[in-house]
Amino acid sequence: MKRAGCLFLSFIAVAPAATAAFYFLSPGGEDDGSARPSASASAHSPEQDRSAAERRADDKTIASLPAGLAAPAKKELAQQIVASAENSTLDWRSAYGYIEDIGDGQGYTAGIIGFCSGTHDLLTLVERYTKAHPDNGLARYLPALRKVDGTDSHEGLDPGFTAAWKNEAAHRAFREAQDGERDRVYFDPAVRLAKLDGLGTLGQFIYYDAMVFHGPGTGPTGFYGLREATLKEADTPSQGGREAAYLDIFLDLRRKAMRTKKAGIDTSRVDTAQRQFLYDGNLSLSTPLTWQVYGETYRVR
């Protein structure tokens, strides 16, 4: 069963920070970290707002660095750790067909990363998948998904949408679509920014898990807002700061943000997982690895 809240998407670039990072805002107004997203047609990559020379410089920097969390074995480990918090399992692939309303006000939560019918990312996934595979079993729900976007409503989705999602998850193309959307919106941007900040594999994972849980918002409880708040207290390694000290402050602020979003929330995905890795000095996220989430112990050898 999924324990965490869903994701909040909003996109538009603002000026880059000294580390050549980029941020997302909702078009036409401020983002408080939980603002409703605009239509996907109006969204654009912040890379478009950077000069070609800046993009080339960033790409050159990334290319010169170790693969880190993007290495196949580490990426697999990352999905396992996230799944332990999101679905209480290490078998993250078992979640392709997962779908339920967990009562968090975001409608249906579904798939490997917790796409939500109320937070735009599930709609975007189905739209992109339908463009490539027009005859899929979810296509007929697109009008309803557009109507309920931004709400917790099931109008037009019940009673058949959950069965259609589970049936579609049996198709390799839909599983690949979920993988691709996870990477495009969450994994790749988080790992890229972490590398530009000079963070190793653990830091890259800490950014990724925060992106998954908090979403790419710039408000106080959004991922980019959390990073900005951390920068006010510590320098990134690329700015000359100590990696462990920077990550410790980031996790402090993230834990506070989790409790701001939901009082009394279980923060063990930070406290007895990521924080423990950090205090163990495991900045490379090396295995074997043992951690606890929600009182359950997980091990990867």
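1. Brief notes about the pairing of strand β4 (residues 289-293)
Then step 1. The side-chain alternation of β4 yields one buried face, formed by Leu289, Trp291 and Val293, and one unburied face, formed by Thr290 and Gln292.
Then step 2. As paired strands, β4 and strand β5 (residues 296-300) are joined by five bridges and run antiparallel to one another. Paired with Trp291 across the strands is Tyr298, a residue of β5.
Then step 3. The antiparallel hairpin formed by β4 and β5 contains two residues in its connecting segment, where Tyr294 sits at a positive phi of about 55 degrees.

2. Looking at helix α2 (residues 72-86)
Then step 1. For α2, which comprises 15 residues, the first-to-last C-alpha distance of 21 Å matches the rise-based estimate of 21 Å (1.5 Å per residue) to within 8%.
Then step 2. Buried residues of α2: Lys75, Leu77, Ala78, Gln79, Gln80, Ile81, Val82, Ala83, Ser84, Ala85 and Glu86, and no others.
Then step 3. On the buried face of α2, the contacting elements are α6 (172-196), α7 (201-214), α10 (268-279), β4 and β5.
Then step 4. Looking at the residues trailing α2, positive phi occurs at Ser88, about 55 degrees.

3. Digging into helix α3 (residues 121-132)
Spacing of three or four residues puts side chains on the same side of an α-helix, whose turn is 3.6 residues.
Then step 1. With twelve residues, α3 ought to run about 16 Å at 1.5 Å a step, and its terminal C-alpha atoms sit 17 Å apart, in line with that.
Then step 2. Every buried residue of α3 is listed here: Asp121, Leu122, Leu123, Thr124, Leu125, Val126, Tyr129 and Thr130.
Then step 3. Among the structural elements, β2 (109-110), β3 (115-116), α4 (142-148), α5 (161-168) and α6 are those in contact with the buried residues of α3.

4. Digging into unusual backbone geometry
Then step 1. In this chain, Asp158 is followed by Pro159 through a cis amide linkage whose omega measures 5 degrees.
Then step 2. In this fold, Pro159 is placed in the loop between α4 and α5.
Then step 3. With omega at 5 degrees, the peptide bond leading from Thr287 into Pro288 counts as cis.
Then step 4. Following the sequence through the fold, Pro288 ends up in the loop between α10 and β4.
Then step 5. Positioned with a positive phi, Leu285 is a non-glycine residue whose angle comes to about 50 degrees.

5. Digging into the packing of aromatic side chains
Then step 1. Applying the stated criterion across every chain yields a total of 13 aromatic pairs.
Then step 2. Consider the rings of Phe223 and Tyr224, whose centres lie 4.9 Å apart with planes at 75 degrees: the pair is edge-to-face. For the pair shown, Phe223 and Tyr224 are each scored as buried.
Then step 3. Arranged with centres 6.2 Å apart and planes meeting at 80 degrees, the rings of Phe277 and Trp291 form a pair that is edge-to-face. One end of the pair, Phe277, is in helix α10; the other, Trp291, is in strand β4, with 14 residues separating them in the sequence.
Then step 4. The class for Trp291 is buried, based on a relative accessible area of 2%.
Then step 5. Three or more aromatic residues joined by ring pairs make a cluster, and in this case those are Tyr108, Tyr129, Tyr141, Phe161, Trp165 and Phe174.

6. Some remarks on the nonpolar core
Then step 1. Formed by 77 residues in total, the largest nonpolar core has its most connected members in Phe161, Trp165, Tyr207, Tyr208, Leu285 and Trp291.
Then step 2. In contact with Trp291, other than residues within four places in its own chain, are Gln80, Ile81, Ser84, Leu90, Thr272, Ala273, Phe277, Glu296, Thr297, Tyr298 and Val300.

7. Some remarks on the pattern of salt bridges
Then step 1. Across all of its chains, the model carries 17 salt bridges by this definition.
Then step 2. Between Arg146 and Glu127 there is a salt bridge; the shortest N-O distance is 3.1 Å. A residue pair is termed long-range when its members are at least 10 positions apart, and Arg146 in helix α4 and Glu127 in helix α3 qualify at 19 residues.
Then step 3. Among the salt bridges present, the one from Arg269 reaches Asp209, with a minimum N-O distance of 2.7 Å. Residue Arg269 is found in helix α10, and its partner Asp209 is found in helix α7; the two are separated by 60 residues along the sequence.
Then step 4. A relative accessible area of 2% places Asp209 in the buried class.
Then step 5. A cluster of three or more residues bridged by salt bridges with shared partners is formed by Lys75, Asp179, Arg182 and Asp183.

8. Things to note about the sheet that holds strand β1 (residues 99-100)
Then step 1. One open sheet accounts for three strands, arranged β1-β2-β3; its pairing is antiparallel. Whereas interior strands pair on both sides, the edge strands pair on one side only; in this sheet they are β1 and β3.
Then step 2. Here β2 runs beside β3; their pairing, made up of two bridges, is antiparallel. Residue pairing for β3: Thr109 is matched across the bridge by Cys116.

9. What to know about the packing of α6 against α7
Then step 1. Between α6 and α7, the least distance of the axes is 8 Å, while the angle of their chain directions is 140 degrees. Here α7 runs oblique to α6, going by the angle between their axes. Considering only the axes of α6 and α7, their crossing is right-handed. From α6, Arg182, Val185, Tyr186, Phe187, Pro189, Ala190, Val191, Leu193, Ala194 and Lys195 reach across to α7, where they touch Gly203, Gln204, Tyr207, Tyr208 and Met211.
Then step 2. Its residues assigned to classes, the contact of α6 with α7 shows eleven nonpolar, two polar and two charged.

The rules behind these values
Residues numbered from 1 in each chain as written. Predicted model: local features only at pLDDT ≥ 70, side-chain atom pairs only at ≥ 80, totals over all residues. Heavy atoms only, no water. Buried < 20%, exposed > 50% of the residue type's maximum accessible area, 1.4 Å probe, protein only. Helix = DSSP H or I, 4+ residues; strand = E, 2+ residues; numbered from the N terminus. Pairing = 2+ DSSP bridges. Expected span 1.5 Å × (residues − 1). Contact = heavy atoms within 4.5 Å. Phe/Tyr/Trp six-rings, centres within 6.5 Å; stacked < 30°, edge-to-face > 60°. Core = buried A, V, L, I, M, F, W, Y, C linked by side-chain atoms within 4.5 Å. Salt bridge = Lys/Arg side-chain N within 4 Å of Asp/Glu carboxyl O. Axes fitted to C-alpha atoms, helices over the stretch in contact; angles between N-to-C directions. Parallel < 35°, antiparallel > 145°, perpendicular 65-115°, else oblique. Left-handed = near helix turned anticlockwise from the far one by under 90°. Nonpolar A, V, L, I, M, F, W, Y, C, P; charged D, E, K, R; others polar.

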